[in-house]
Amino acid sequence: MAKVHVKRGDRVYVLRGEEKGKSGRILRVLPKENRVIVDGLNMVKKHTRPTQTNTQGGIIDSPAPMDASNVMLICPHCEKRTRVSRQRGPNGLVRICKNENCGRPID
Ligand SMILES: [Zn+2]
């Protein structure tokens, strides 16, 4: 199983597909499928059944999973798209921004 390179809460940039060129924050990672759900991107209409809080049910907009290989991490320090290397830190592996003039830990 390939390890997904992004985590919940990361800001990512979309490289391909319908949302190409947009960015958003990761809401969920689906490691088994190597997919991610990004806030506000890849929106689909979802039919919902009536519940106690929403007695009408109906159609809501909801972000659908996209392939994790289609997104690239945006470094929170230099605000640029980046690849990461991993280094062992006191609390496990830490991702390090590979951009020149940055090199700061992301986790
Ligand atoms: Zn950086």
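As a convention, each chain's residues are numbered from 1 in the sequence order in which they are written. For a predicted model such as this one, the threshold for reporting local features is a pLDDT of at least 70, and the threshold for listing and counting side-chain atom pairs is 80 or more; totals across whole chains, interfaces and linings nevertheless cover every residue. Side-chain measures were taken over the full set of non-hydrogen atoms in the model, leaving aside hydrogen atoms and water.

A. Geometry of the pairing of strand S1 (residues 11–14). When S1 meets strand S2 (residues 23–30), the two strands line up antiparallel, connected through three bridges. Opposite Arg11, over in S2, you have Arg25 as the bridge partner. In this sheet, strand S7 (residues 71–73) lies alongside S1 in antiparallel orientation, the contact comprising three bridges. In the strand pairing of S7, Tyr13 is matched with Met72. Following DSSP output, two strands are said to pair if at least two bridges run between them. Strands are runs of DSSP state E lasting at least 2 residues, helices are runs of H or I lasting at least 4, and numbering of each runs from the N terminus.

B. Focus on the pairing of S2. Across four bridges, S2 lies against strand S3 (residues 35–38) in antiparallel orientation. Its bridge partner lying in S3, Leu30 is registered against Arg35. Linkage of S2 to S3, two consecutive antiparallel strands, is achieved through a turn of four residues, within which Asn34 is found at a positive phi near 55°.

C. Molecular detail of the pattern of salt bridges. One side-chain nitrogen of Lys or Arg within 4 Å of one carboxyl oxygen of Asp or Glu is enough to make a salt bridge. Going through the model one piece at a time under the given rule, you end up with six salt bridges. Linking Glu19 and Lys22 is a salt bridge whose minimum nitrogen-to-oxygen distance equals 2.7 Å. Remark: exposure states derive from per-residue accessible area (1.4 Å probe, protein chains only) relative to the maximum for the residue type, with buried under 20%, exposed over 50%, and partly exposed in between. Judged by relative accessible area, which is 13%, Glu19 ranks as buried. Its relative accessible area of 42% is what places Lys22 among the partly exposed residues. A salt bridge links Arg95 to Asp107; its shortest N-O distance comes to 2.8 Å. Of this pair, Arg95 sits in strand S9 (residues 92–97) while Asp107 sits in the segment after S9, and the two are 12 residues apart along the sequence. Residue classification places Arg95 among the buried residues on the basis of a relative accessible area of 2%. One network of salt bridges, in which partners are shared, links Lys7, Asp10, Arg95 and Asp107.

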